[in-house]
Amino acid sequence: MDMSKTSLKTTVEWNALNWRKLERAAFKLQKRIYRASQRGDYKVVQKLQKTLMRSWSARCIAVRKVTQDNKGKNTAGVDKVKSLNPSQRLKAAQNLKIDRKANALRRVWIPKPGREEKRPLGIPTIRDRTRQALAKMALESEWEAKFEETSYGFRPGRSAHDAIEHIFIAIGQKKKYVLDADIAKCFDKINHVELVRKINTFPKMRRQIKAWLKAGILEGDTLFPTKEGTPYAKRYPLGLSRFKGARPTK
């Protein structure tokens, strides 16, 4: 077989994908998960989540988010893979699945803005990032139905500007007390058992999340175990879209 022709064919196939159609298909499933979560029908939620993660549309979108849309698309993990060409993206989408395995993260130190000190940045492999993007699409649509309307952190379609607007409207012309609180080393001390219990997802996803939490961090030639906290010092913004306007079916 002529490998150059095979590569050209898969490249053309990836570039010819109808992204609007794929996004509509994935978002339709996400809305069904969201509505089932609102109803408290968690058997349906988990069934739809599995369907979403097996779907061709969600797998393609997850790969595109990581390898094309994300700012860290050219950042290598421990496998030293920096980027994928269209042919490799198509193959990655075809092979993408939750398999309860995880590679260690590569740790680098980056400076804090305006300070001399540096903070650690954990970089997963592209393979792990695509699987995390896929899992996020499924879990996020469930949890968006549960979050408080006034919470703005780490949510799709929301930002600090939305929080500022809400505060401005709430305080009006009246005097108010504002409490500014910060949990020291919050992400460094998260209890793995309690986190997995809180997520309360189906067994295969639960084991995959445990694998990511326990993956360890590779700094130079030294592997550091991760017994607590999240090994990901930086969040990868891989959400598909917002769920505003979705309503439970009657």
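Details of the structure are given in the entry above.
A. Representation of helix α5 (residues 86-95) in the model. Restricting attention to buried positions, one finds in α5 the residues P86, S87, R89, L90 and A93. All buried residues of α5 fall inside an arc of 165 degrees around its axis, so they share one side. In this structure N85 caps α5, since a side-chain oxygen of it lies 3.1 Å from the backbone nitrogen of S87.

B. Geometry of the pattern of salt bridges. Counted under the stated rule, the structure contains twelve salt bridges. The shortest N-O distance in the salt bridge between R131 and D128 comes to 2.2 Å. Here R131 pairs with D128, and both are found in helix α6 (residues 126-143), just three residues apart, close to one helical turn. Across the pair, D128 and R131 agree in class, each one buried. Between E144 and R155 there is a salt bridge; the shortest N-O distance is 2.9 Å. Pair noted here: E144 is in the loop between α6 and α7 (160-171) and R155 is in the loop between α6 and α7, with a separation of eleven residues, a long-range link. Salt bridges sharing common partners tie together D99, R127, D128 and R131.

C. Structural detail: the nonpolar core. In this structure, W14, W19, L52, M53, C60, M205 and I209 are the most contacted members of the largest nonpolar core, which totals 37 residues. Breaking this core down by element, the ones donating at least two residues are α2 (19-39), α3 (42-54), α4 (56-69), α5, α6, α8 (192-199) and α9 (203-213). The element best represented in this core is α6, accounting for seven residues. Every residue in contact with W19, bar those within four places of it in the chain, is listed here: W14, C60, I61 and R64.

D. Expanded view of the pairing of strand β1 (residues 105-111). Here β1 runs beside strand β3 (residues 217-219); their pairing, made up of two bridges, is parallel. The partner of L105 across the bridge, within β3, is I217. Across six bridges, the pairing between β1 and strand β2 (residues 118-123) is antiparallel. Within the sheet, the bridge partner assigned to R106 lies in β2 and is I123. From the end of β1 to the start of β2, which pair antiparallel, there are six residues, and G114 there has a positive phi angle of about 75 degrees.

The rules behind each value
- Residues numbered from 1 in each chain as written.
- Predicted model: local features only at pLDDT ≥ 70, side-chain atom pairs only at ≥ 80, totals over all residues.
- Heavy atoms only, no water.
- Buried < 20%, exposed > 50% of the residue type's maximum accessible area, 1.4 Å probe, protein only.
- Helix = DSSP H or I, 4+ residues; strand = E, 2+ residues; numbered from the N terminus.
- Arc of directions from axis to C-beta.
- Polar contact = N/O pair within 3.5 Å; in protein donor to acceptor, adjacent residues only side chain to side chain.
- Salt bridge = Lys/Arg side-chain N within 4 Å of Asp/Glu carboxyl O.
- Core = buried A, V, L, I, M, F, W, Y, C linked by side-chain atoms within 4.5 Å.
- Contact = heavy atoms within 4.5 Å.
- Pairing = 2+ DSSP bridges.

None of this, on its own, says anything about what the molecule does.
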